[in-house]
Amino acid sequence: MATAMTLTSLEARLANHSVLPLRATLGSTMLYHGISKLKPEGLEQTAQFFENIGIKPGRTWALATGWTEAVAGVLTFLGIGTRVAAVSILVTQAMAIAKVHGPKGFNNQAGGYEFNLTLIAGALGLLLGGPGNLSVHHAVQPRVRRGGLLGLLRRQRVSPIGRFAPLLA
């Protein structure tokens, strides 16, 4: 016997999947920008730009930023390590606003921080809400709880930091 789907049950079901478009766009955006910085010509340009605005050594920070953005993009897109990725995005975009876009005002077309603020809002949403049900995290979580890493942590003395492991979703 099939049960009738009510509007409330449909809303609840869709809400479990609503973060997927956010993860897809934020993840692909960060991956694109990270890879752009890691390509030889992008790395050189980014390193010179960083040096010019006082971020030294420019090449080291350009590599770190490129890898951070690329890895955060992949993690966000897949939905695993989402909260760590979100914090990475928050840090890179806060630096972009502080060092480059902030003085130019809000308008993105004038070089302002409008776009960066949008990325920050998306990252905050993922930090607070996690990756959602359509994610690698959700797919592997039941297996881990059955006796994997979290099962081991529950049987052992766990440091206060270790207790935050589930928040990394």
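In short, a report on the structure. (Residues numbered from 1 in each chain as written. Predicted model: local features only at pLDDT ≥ 70, side-chain atom pairs only at ≥ 80, totals over all residues. Heavy atoms only, no water.)

1. Considering the pattern of salt bridges
Counted by the stated rule, this structure contains one salt bridge. As a salt-bridge pair, Lys-37 and Glu-69 come within 3.0 Å of each other at their nearest N and O atoms. A residue pair is termed long-range when its members are at least 10 positions apart, and Lys-37 in helix H2 (residues 19-38) and Glu-69 in helix H4 (residues 58-78) qualify at 32 residues. Among the residues examined, Lys-37 registers a relative accessible area of 17% and is labelled buried. (Salt bridge = Lys/Arg side-chain N within 4 Å of Asp/Glu carboxyl O. Helix = DSSP H or I, 4+ residues; strand = E, 2+ residues; numbered from the N terminus. Buried < 20%, exposed > 50% of the residue type's maximum accessible area, 1.4 Å probe, protein only.)

2. Some details on the packing of H2 against helix H6 (residues 114-129)
Two elements in contact, H2 and H6, have axes separated by 10 Å at closest approach and are oriented at 130°. In terms of orientation, H2 and H6 fall into the oblique class. Crossing geometry of H2 relative to H6 is assigned as left-handed. Only Phe-115, Leu-119, Gly-122, Ala-123 and Leu-126 of H6 make contact with H2, whose side of the interface consists of Val-19, Leu-22, Arg-23, Leu-26, Thr-29, Met-30 and His-33. Grouping the constituent residues of the contact of H2 with H6 by class yields eight nonpolar, three polar and one charged. (Axes fitted to C-alpha atoms, helices over the stretch in contact; angles between N-to-C directions. Parallel < 35°, antiparallel > 145°, perpendicular 65-115°, else oblique. Left-handed = near helix turned anticlockwise from the far one by under 90°. Contact = heavy atoms within 4.5 Å. Nonpolar A, V, L, I, M, F, W, Y, C, P; charged D, E, K, R; others polar.)

3. Observations concerning the packing of aromatic side chains
Under the defined criterion, the tally for this structure stands at two aromatic pairs. Between Phe-106 and Tyr-113, the ring centres sit 5.7 Å apart and the planes meet at 85°, which makes this aromatic pair edge-to-face. On the basis of relative accessibility, which here comes to 26%, the residue Tyr-113 falls in the partly exposed class. (Phe/Tyr/Trp six-rings, centres within 6.5 Å; stacked < 30°, edge-to-face > 60°.)

4. Overview of a nonpolar patch on the surface
Taken together, the side chains of Val-74, Phe-77, Leu-78, Val-136 and Val-140 define a hydrophobic patch exposed on the protein surface, amounting to about 360 Å² of accessible area. Among the elements of the structure, H4 and helix H7 (136-145) are those that each provide at least two residues to the nonpolar patch. The biggest single contributor to the nonpolar patch is H4, with three residues. Residue position: Val-136 is located in helix H7. With a relative accessible area of 31%, Val-136 lands in the partly exposed category. (Patch = residues over 30% accessible without salt bridge, like charges linked within 9 Å, V, L, I, M, F, W, Y side chains within 5 Å. Areas by Shrake-Rupley, 256 points an atom, 1.4 Å probe, with all protein chains shown as cover.)

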